[in-house]
Amino acid sequence: MEERFSKDFTQQEPIEPEAVEAALRVLGHGRLHRYNVAAGEESEAAALEREFAAFTGARYALAVASGGYAIATALRALGVGPGDRVLTNAFTLAPVPGAIAALGAVPVLVEVTPDLVIDLDDLAAKAGEADVLLLSHMRGHICDMDRLMAICEGAGIRVVEDCAHTMGAAWNGVKSGRHGVMAAYSTQTYKHLNSGEGGLLISDDAELMARAVLLSGSYMLYERHGAAPGPEVFDRLKLDVPNISGRMDNLRAAILRVQLRSLPARAKAWNARYRALEAGLAGVAGLTLITRPAQEEYVMSSFQFLLADWPAEAVEEVVARSAARGVELKWFGAREPAGFTSRYEHWGYLETPRLPQTDRVLCGLLDLRLPLTFTLEDCALIARIIRAEVGAVYRGLSRG
Ligand SMILES: *Cc1c(COP(=O)(O)O)cnc(C)c1O
């Protein structure tokens, strides 16, 4: 009998009991607003900032309402404004160009390579067009950060890292988020920490972080932050920076603090699942796995592969046949954006030239989630199903 997979690709693990207790404590005292503290109390949001700064090794951290908000705040802190051009990845999630558009700024898209990272040759060619790069480590794939930083430093480009998929990851021993002047993280349900919605921002730069704290809506209560610059930095800036409200509350922060402690264990579990799929899909004719450089320490809560240069109908057939057996593949080549999956030409508010290499890569790119509700055996089964369906369609293609 044909094997079928029956679990849900969007079902995350339940919130761990210790985090539930922490949330109940906040609900019990009712001080959900981050600046609502009892005498001598450190708020959950401030404690999360302190602990996240320690986790990343950054001097400063700020907890905010979402990952997209964290990105826009970083760009605002850097002074990006209407009409400014910002380099960014053509292969990313919609809130990334959206954060640039929110400021009235103009995204300049950089091609993706078949390894799913920003194309550094294309970046070098476009380096003169902007002085900020919003670098998205999309789906957890990290480019050669040493070369990227050399290009950007040479061209006077400041780098903001979008680490929505690289919390806990590293390049060449340096934590993801520690190369740029600021880095943004998301704690939305499908990322590495789950508070429903939420975001974090880190930096070593006192002035940038003070601006970010003021922007997030600190009501002159910036001394109630857990990892912020000293009051003298705020004194210089506080009358000049608008309050663009986007704080995190203590309920979410309480959940996140517990999850942050268990992140290393969950990262291990995700990577074991990733490697199970990778092993199960090795050597399938017509299917290309993504190469992972030795310098990259990834945390993979999703899996990607390419059906490179396949006709669209054949990719659609693989998606349909896999779906019929319970395996939900998301295709970046689809004509219409679906759910979370869209590509640059769907962002109709941008005026961007065609990017031939990105088009070619995305037309063959398939993506699946690996929630921790899947076991290693589940992953092996998913791989067997994909193997069989890719094989069946590919044999038809080669017979032509
Ligand atoms: C999720 C995500 C974001 C934004 O996060 P939200 O918290 O949903 O605003 C930014 N970049 C990438 C690559 C993402 O996947």
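Right above here is the structure, for reference.
Reading the values: the criteria
- Counting of residues starts from 1 at the beginning of each chain's written sequence and follows it residue by residue.
- Given that the model is predicted, a residue must reach a pLDDT of at least 70 before its local features are reported, and side-chain atom pairs must reach 80 or more before they are shown or counted; all residues, however, enter totals for whole chains, interfaces and linings.
- Side-chain figures throughout are based on the complete set of non-hydrogen atoms in the structure, without hydrogens or water.
- For the purposes of this entry, the term helix denotes a DSSP run of H or I that reaches at least four residues, the term strand denotes a run of E that reaches at least two, and both are numbered from the N terminus.
- What the globule rule says is 2.2 Å times the number of residues to the power 0.38, and the radius of gyration is computed from C-alpha atoms.
- Partly exposed residues are those whose accessible area sits between 20% and 50% of the maximum for their type, while under 20% is buried and over 50% is exposed, using a 1.4 Å probe and protein chains only.
- We call two residues in contact when some of their heavy atoms are within 4.5 Å.
- Each accessible area value is a Shrake-Rupley result obtained with a 1.4 Å probe; residue values ignore everything except the protein chains displayed when judging cover.
- Axis lines are fitted through C-alpha atoms, for helices just across the contact stretch, and the angle between N-to-C directions can take any value from 0 to 180 degrees.
- Put simply, angles under 35 degrees are roughly parallel, angles over 145 are roughly antiparallel, angles from 65 to 115 are roughly perpendicular, and the rest are oblique.
- Each crossing gets its handedness from the near helix: less than a right angle anticlockwise from the far helix is left-handed, clockwise is right-handed.
- When DSSP locates at least two bridges between a pair of strands, those strands are taken to pair.
- Handedness rule for crossovers: strands pointing away from the viewer, path from the first strand over the helix to the second running clockwise, crossover right-handed.
- Whether a residue is near a molecule or strand depends on its heavy atoms: if one lies within 4 Å, it is near.
- Throughout this description, a polar contact denotes any pair of N or O atoms lying within 3.5 Å of each other; where both atoms belong to protein, one of them has to be capable of donating a hydrogen while the other can accept it, and for residues adjacent in sequence the pair is counted only when both atoms sit in side chains.
- Within this document, salt bridges are pairs made up of a side-chain nitrogen of Lys or Arg and a carboxyl oxygen of Asp or Glu, the two lying within 4 Å of each other.
- Gly falls in the polar group here, along with every residue not listed as nonpolar (Ala, Val, Leu, Ile, Met, Phe, Trp, Tyr, Cys, Pro) or charged (Asp, Glu, Lys, Arg).

A few points about the overall build of the protein
- Along the backbone of the protein there are 12 helices and 14 strands.
- A compact globule built from 400 residues should have a C-alpha radius of gyration of about 21 Å, and the protein, at 22 Å, falls within 12% of that.
- Projected onto its principal axes, the C-alpha coordinates of the protein cover approximately 75 × 50 × 35 Å.
- Counting across all 400 residues of the protein, residues that qualify as buried make up 56%.
- Nonlocal contacts in the protein, meaning residues at least 24 apart in sequence, comprise 71% of its contacts between residues at least 6 apart.
- Working note: accessible area of the protein is about 16,000 Å², and carbon and sulfur atoms make up 53% of it.

Digging into the packing of helix α2 (residues 44–56) against helix α9 (residues 250–280)
- As a packed pair, α2 and α9 sit with axes 8 Å apart at the nearest point and diverge in direction by 25°. In this view, α2 runs roughly parallel relative to α9, as classed from their interaxial angle. The two elements α2 and α9 cross, and the hand of that crossing is left-handed. Contacts between α2 and α9 involve Glu44, Ala45, Ala47, Leu48, Glu51, Phe52 and Phe55 from the first element and Asn250, Ala253, Ala254, Leu256, Arg257, Leu260 and Leu263 from the second.

Some words on the pairing of strand β5 (residues 158–162)
- Most of β5 sits inside the fold, with four of its five residues counted as buried.
- In this sheet, β5 lies alongside strand β4 (residues 132–136) in parallel orientation, the contact comprising five bridges. Considered in β5, the bridge of leucine 133 is made with valine 159.
- Since β4 and β5 lie parallel, the crossover through helix α6 (residues 145–155) that links them has a hand, and here it is right-handed.
- Bridging between β5 and strand β8 (residues 182–186) involves three bridges; their strand directions are parallel. Bridge pairing in β8 links aspartate 162 to alanine 184.

What to know about the site of the ligand
- Residues in contact with the ligand amount to 17 residues; listed here are only the nearest, Gly68, Asp162, His165, Ser186 and Lys191.
- Interatomic distance of 2.7 Å between a backbone N/O atom of glycine 68 and an oxygen atom of the ligand.
- Between serine 186 and the ligand, the recorded distance is 2.7 Å, taken from a side-chain N or O atom to an oxygen atom.
- In the complex, 93% of the free accessible area of the ligand, which totals 380 Å², lies under the protein chains.
- Per element, the largest residue contribution to the shell around the ligand is three residues, and it comes from helix α3 (residues 67–77).

Some points on unusual backbone geometry
- Residues other than glycine seldom take positive phi values, yet leucine 116 does so here, at roughly 70°.
- Mapping leucine 116 onto the fold places it in the loop between β3 (106–110) and α5 (120–126).
- Using a relative accessible area of 2% as the deciding quantity, one classes leucine 116 as buried.
- Phi at methionine 220 is positive, roughly 60°, even though this residue is not glycine.
- The residue methionine 220 is located in the loop between α7 (206–215) and α8 (231–237) in this model.

Remarks on the pattern of salt bridges
- Applying the stated criterion across every chain, the model contains 27 salt bridges.
- Between glutamate 3 and arginine 384 there is a salt bridge; the shortest N-O distance is 2.8 Å. Of this pair, glutamate 3 sits in the segment before α1 (17–29) while arginine 384 sits in helix α12 (residues 376–399); the two residues are 381 residues apart in sequence, bridging distant segments of the chain.
- Accessibility expressed as a relative area gives 36% for arginine 384, which makes it partly exposed.
- One salt bridge connects arginine 321 with glutamate 389, and the closest N-O pair in it is separated by 2.5 Å. You can see arginine 321 sitting in helix α10 (residues 312–324) and its partner glutamate 389 sitting in helix α12, a full 68 residues away along the chain.
- Overall, arginine 321 belongs to the partly exposed group, its relative accessible area being 32%.

What about the packing of α9 against α12?
- Closest axis-to-axis distance for the α9/α12 pair is 8 Å, and the angle between their directions is 30°. The angle between α9 and α12 falls in the class roughly parallel. In the packing of α9 onto α12, the handedness of the crossing is right-handed. For the pair formed by α9 and α12, the contact residues are Ala272, Arg273, Ala276, Leu277 and Gly280 on the first element and Leu376, Cys379, Ile382, Ala383 and Arg387 on the second.
- Here the residues of the contact of α9 with α12 sort into seven nonpolar, one polar and two charged.

Some details on the sheet that holds strand β11 (residues 296–297)
- Overall, antiparallel pairing links the three strands, which are arranged β7-β6-β11 in an open sheet. Two strands lie at the open edges of the sheet, namely β7 (174–175) and β11, each paired on one side alone.
- Two strands pair when backbone bridges link them, and strand β6 (residues 170–171) and β11 are joined in this way by two bridges, in the antiparallel orientation. Across the sheet, residue alanine 170 finds its bridge partner in β11, namely glutamate 297.

What about the sheet that holds β3?
- With mixed pairing, the seven strands of this open sheet are ordered in space as β1-β9-β8-β5-β4-β2-β3. Each edge of the sheet is formed by a strand with only one pairing partner; in this case those strands are β1 (60–64) and β3. Sheet twist, expressed as the average angle between the axes of neighbouring strands with direction ignored, equals 20°.
- Note that β8 and strand β9 (residues 199–203) share five bridges and pair antiparallel. From the neighbouring strand, alanine 184 faces β9, where its bridge partner is leucine 201.
- Across the sheet, α3 touches β1, β4, β5, β8 and β9, and the angle it forms with β8 is around 165°.

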